[in-house]
Every structure is written in structure tokens, then in C-alpha cells.
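# Observations on chain architecture
Next come the chains, spelled out residue by residue.
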Amino acid sequence: MNIQNDLYVLMPELILAVGALLLLLIGAFRGDKSANTLTILSVFLIGASAYASMVIGDGTAFHGAFVMDSFARFTKAVILWSSAACVLMAHRFFSLEKSERFELPVLIVLASLGMSLMVSANNFIALYMGLELQSLALYVLAAFNRDSVRSSEAGLKYFVLGSLSSGMMLYGISMIYGYAGTMDFTGVAHVIKSSGSNIGLTFGIVFLLAGLAFKISAVPFHMWTPDVYEGAPTPITAYMAAAVKAAAFAALLRVWREAFPGALVSWHLALWWLAVLTMVVGNLVALAQKNIKRMLAYSSIAHAGYLLVAVVANSQLGTAAFLFYVLAYTLATMGAFGVVIAVGEPGERHQQLSDFAGLWTVRPWLAGAMAVFMLALLGFPIAGGMGFFAKWYVLQAALNATHPETSLAVVLVLTSVLSAGYYLAVVMAMFMRPRSADAPALRPVRTPTFLVVYASAIILLFFGIFPGGFAALAGNSMPTITASAPAGSPPTSMAGR
């Protein structure tokens, strides 16, 4: 084993790991007064890790347990951008809440490390290690506001249910190992190809899928999401809805495309129904929500269903559509939660839909940005920016699959129309309803939150007009095994569609 090559391939993760330990030492010696310094240093660490992932070439580490390829680079860029945005928004949020502590940026860096390992994992043990690392940090982050009963409850629920899902996933992995005799994705794929599937493999896939479905909030494994999202501090909720979902989906797609391409019959129908149920239930329940955070929680469940359509397509075009969708969804979600932070008050107040009434009259640019995010999540053309093309590419992937998923495409369109009921309700409240006379004066938008909100809106709008660059990048960002498609497979570039 060439240890130098292994360390080089894992340089982005090493930067985060060593950096987190240094941040922890600084915080241990200087206490909470070092929170400002640690926030700045953590953003630089995350930026350095993102830069390293961009410049490092393709390769594998530790006998193929980890892989660096274009798929991992693209996904890591999305995750690390979300991490930096969360650090910036969380610092100001907790300073206003009078609960600023030095552990916050350290935990976010550690969670980023776990997610980065997840998307590079090419081995079930490596995948589980990355998932547990990010989960342990997130359990603490969800309950970070110790003075809030709702935050403590959110952390406890997430811990209990997350531990259950991890146990199910580990049991599934053990059954897959018992069948294949290897933990490597490629090794499992080769055994399936030569020996076919059996009942042990099928049960292993079921338990593995159940564990991953919990992480992506797919129905019926979604019950924790609304309560945890509502109770967790708003910046952490944004992080869980964006970065955590992106990492879990990237891991799911890599596992399914690289470990189980020969077991299509065993998993295709299950994923198909997961996608349908998640799209329908997420959108239906979101219609009844009046709390913005709970509405965005159910919205994230619905978008998990849309992303599952790209996974079910099981093609290079599906992978490219997945990556483009993850980017657009992450920008819109982080931006929307940034607006929620800007409008809210200490104590997590003013998060009802009625609190956004007349926002246009007092914060026109903030209202305009929120309208962009809502329309992007809806998939509205032009004003929704990249959101429209994200859903369009997923539809194309479904319709151009080896076995066209026409019914899934129809459900996607119908549920997207249904989602207009709650996305447009936010836009109508901001622009068409008068602001209450007793509504409190809004605080000035802090610079970090300002940067996250408006940078997200500008990127969404710009690449909604010129989507070709990111579409081509997503089309060329394939997992290593699926990088060379067989003849007759769907095209990898979406730029011309």
C-alpha cells in the first residue's frame, strides 16, 4: 500500500480532520471568547478542503475503500459550500440568541468531514464510518440550544431514531457481506454478476435501503423530519436539509449504481414506490403547514422524492440530473432558511407564514430573494432560475431510461403542480398582503446572512438563464465505474436538452 498516495487522495478530508482538532484545542484553551476566531478559521478550513478536492486528480485510497472522482468532487463542492454558509449564519444566529459557544464551528467541520468521507466511500465499512461521524456531530448540533426544550427534544428524537436506522443499515451490510464475502462495492457487483442474487442479498438490500431512506427523509421513514427540523436551531435545520441530504443521496446513488447494478429486480420496485410515496406525502402535508420551518421540512421530503426519480432512472443521464438538482436544491434551501433567520427574532419567534405578510414593503430585496427561492423549489421557469431546469433534467432522465419511467414522470409533474399551493402562498403573503400594524420592526440583515441569501439568489438566477455550464459539468461528473457507459446508454450531457 502506497501511504503517500492514500494521504494525497484523502487530502480534503485530512485538512478537515486536522483542522477540527486544532480548532478544538484553541477552543479548549480560550473558551467561548474564541468563537469569532474559530468561525473565521473554520470557513478557511472548509475553503481549503474544497480547493484541495478540486485540484486532486482521480485516484483511490486504502485498497479502494475511498475514491476521488468527478462525482465526489462535484458533491463535495456542494456540501462544503453549505457547510461554510451554515457556519456564517450560525455564528450570527447564536450571538443574537446569547448562546454562542466555541464548539459550534468544530462540530460543523466534523460533520463536513463525515459527509466528505461518505461521498468518497467505495466500501461499506468506509460508508458506515463516514455516516456515523456526521451523525454524531449532527445529534449534538440539533440540540445545540440547550436552553430550548424544543431543541433538546429535537436532538433526542434524532439520536434515538438515527441510532435505530444506523443499526438497520449495519445489519443490512452484514447480510450483504455474508452473501458476497467482500465489503467493496465493485466486489459485490462482481459476485452478483457471476452468481446472481438470493434471498440473503435481497434482505440485505432492504435493510440497507431502510437505513439510507431515513437519512434522506423518504416516506415512510420521514416521521422524524418535521419535529427535528422545527426544533433544531434554524441554521442547523438548513444544514440538515441541504448538506446532509446531498451527502446521503450521493452515497445512495454510488452504492446503487456501483454495488447493485446486477440486482435491479431486487431494488427497483422498492425505490419506485419510495419515490412515489415521498413525492405525494411530502407535498400533501406541506399544504397544511403554517410554520415556515415545518413547511420547508415537508418540502425537503418532497424533493427527496424528486431526487429518487433520478436514482430510479439508473442511467448516466439520471446521475447528471441528480447532481444538477442537488446543486439547485441546496442553493434554494440554504437561501430560504437564510431569509427565515433574517426575519426571525431571538427565541425562534416570527416563523409563521403570517409573519412574512407585507415583507415587500419593509425589506423589498429580502422578499425578492425569498420569492426566487420559493419559485426555484417549485420549478418555475425564469424567475425560479435553476430550479426549472433541475426538474426538467430529472424528467428527461426518467423518460429516457432504459425502461422509460413514464408513470414516475407524471407523478413528478402532478406533485410539482400541487406544491404551488404552499410555495406561492409564501410569495402571496410577502407581496399581496398588508403588513400587520403591530408587526415588530425587522433587524438589519447581518453581513454573513446577507452574503448567503443574495449569493444563492444570484447564482440561481444566472444559471437559470445560462444553465449550460453547470449542466455540462454535472454531465461529466460520473462515479468511476459508471464513467464509461455501454453503447446505447443515454447521453451524459444535459446542456443541449
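Preceding block: the structure.
Everything numeric here is computed off the predicted structure, so don't read it as measured data. (Residues numbered from 1 in each chain as written. Predicted model: local features only at pLDDT ≥ 70, side-chain atom pairs only at ≥ 80, totals over all residues. Heavy atoms only, no water.)

## Some remarks on the overall build of the protein chain
Helix and strand counts for the protein chain stand at 20 helices and two strands. Computed over the C-alpha atoms, the radius of gyration of the protein chain is 21 Å, within 12% of the 23 Å expected from 2.2 N^0.38 for a compact globule of 497 residues. Sequence-distant contacts, at least 24 apart, represent 81% of the contacts inside the protein chain between residues at least 6 apart. Approximately 18,200 Å² of the protein chain is accessible, and the part contributed by carbon and sulfur atoms is 70%. (Helix = DSSP H or I, 4+ residues; strand = E, 2+ residues; numbered from the N terminus. Rg over C-alpha atoms; globule rule 2.2 N^0.38 Å. Contact = heavy atoms within 4.5 Å. Areas by Shrake-Rupley, 256 points an atom, 1.4 Å probe, with all protein chains shown as cover.)

## Considerations on the side chain of T225
On the secondary structure map, T225 appears in helix α10 (residues 224–231). Using a relative accessible area of 0% as the deciding quantity, one classes T225 as buried. In contact with T225, other than residues within four places in its own chain, are S217, A297, S300 and I301. (Buried < 20%, exposed > 50% of the residue type's maximum accessible area, 1.4 Å probe, protein only.)

## Quick notes on unusual backbone geometry
Outside of glycine, negative phi angles account for most residues, and trans bonds account for most peptide bonds. A cis amide bond links V219 to the next residue, P220, at an omega of 10 degrees. Of note, P220 is situated in the loop between α9 (199–216) and α10. Phi is positive for S217, which is not a glycine, with a value near 65 degrees. Classification of S217 as buried rests on a relative accessible area of 0%. Backbone geometry at I382 places phi at a positive 65 degrees, although glycine is not the residue there. Checked against the element boundaries, I382 lands in the loop between α16 (364–378) and α17 (386–399).

## Section: the environment of G59
Mapped onto the elements, G59 comes out in strand β1 (residues 59–61). Note on G59: relative accessible area 19%, which makes it buried. Linking G59 and G167, residues 108 residues apart in sequence, is a C-alpha distance of 31 Å. If we skip the residues at most four places from it in the chain, G59 touches V9, F66, V67 and M68.

## Considering the packing of α16 against helix α18 (residues 406–432)
Helix-helix packing is characterised by the crossing angle of the two axes and by the distance between the axes. α18 packs onto α16 with a crossing angle of 175 degrees between their chain directions and a minimal axis gap of 9 Å. In this view, α16 runs roughly antiparallel relative to α18, as classed from their interaxial angle. Residue-level contacts link A367, G368, M370, A371, M374, L375, L377 and L378 of α16 to S416, S419, A420, Y423, L424, V426, V427, M430 and F431 of α18. Broken down by class, the residue content of the contact of α16 with α18 amounts to 14 nonpolar, three polar and no charged. (Axes fitted to C-alpha atoms, helices over the stretch in contact; angles between N-to-C directions. Parallel < 35°, antiparallel > 145°, perpendicular 65-115°, else oblique. Nonpolar A, V, L, I, M, F, W, Y, C, P; charged D, E, K, R; others polar.)

## Considering the pattern of salt bridges
In total, this model carries nine salt bridges according to the counting rule given. With a shortest N-O distance of 3.0 Å, D227 and K157 are connected by a salt bridge. Here D227 is found in helix α10, whereas its partner K157 is found in helix α7 (residues 149–180), with 70 residues between them in sequence. A salt bridge links E230 to R294; its shortest N-O distance comes to 2.8 Å. You can see E230 sitting in helix α10 and its partner R294 sitting in helix α13 (residues 292–313), a full 64 residues away along the chain. With respect to class, E230 is no different from R294; both count as buried. One continuous salt-bridge network, built from bridges that share partners, spans R150, E153, K157, D227, E230 and R294. (Salt bridge = Lys/Arg side-chain N within 4 Å of Asp/Glu carboxyl O.)

## Comments concerning the environment of A243
In this structure, A243 sits in helix α11 (residues 234–258). Taking C-alpha positions, A243 is 31 Å from G358, a pair spaced 115 residues apart along the chain. Beyond its immediate sequence surroundings of up to four residues, A243 is in contact with I79, S82 and M115.

## Re a nonpolar patch on the surface
A cluster of nonpolar side chains, contributed by I3, L7, M11, L14 and F62, occupies part of the molecular surface with about 360 Å² of accessible area. Counting residues per element, the ones that place at least two in the nonpolar patch are α1 (3–9) and α2 (11–30). Assignment of secondary structure puts L14 in helix α2. Judged by its relative accessible area of 31%, L14 falls in the partly exposed class. (Patch = residues over 30% accessible without salt bridge, like charges linked within 9 Å, V, L, I, M, F, W, Y side chains within 5 Å.)

## Overview of α17
Taking 1.5 Å of rise per residue, the 14 residues of α17 would be expected to cover 20 Å, and the 20 Å separating its terminal C-alpha atoms lies within 8% of that figure. Counting buried positions along α17 gives 11 out of 14 residues, so the element sits mostly inside the fold. Where α17 is concerned, the buried positions are M386, G387, F389, A390, K391, Y393, V394, L395, Q396, A397 and A398. (Expected span 1.5 Å × (residues − 1).)

## Considerations on the packing of α7 against α10
Between α7 and α10, the shortest axis-to-axis distance is 8 Å and the interhelical angle comes to 145 degrees. As α7 runs across α10, the sense of the crossing is left-handed. Residues R150, S151, A154, K157, Y158 and L161 of α7 form the contact with α10, whose own contacting residues are W224, D227, V228, E230 and G231. In terms of residue class, the contact of α7 with α10 is built from five nonpolar, two polar and four charged. (Left-handed = near helix turned anticlockwise from the far one by under 90°.)

## Notes on α16
Along its 15 residues, α16 runs 21 Å from first to last C-alpha, staying within 8% of the 21 Å computed at 1.5 Å per residue. Extensive coverage of α16 is indicated by the burial of 12 of its 15 residues. Among all positions in α16, only L366, A367, A369, M370, A371, V372, F373, M374, L375, A376, L377 and L378 are buried. In this structure, the buried side of α16 is in contact with α13, α14 (316–343), α15 (359–362), α17, α18 and α19 (447–465). Of the residues trailing α16, G379 is marked for its positive phi of about 90 degrees.

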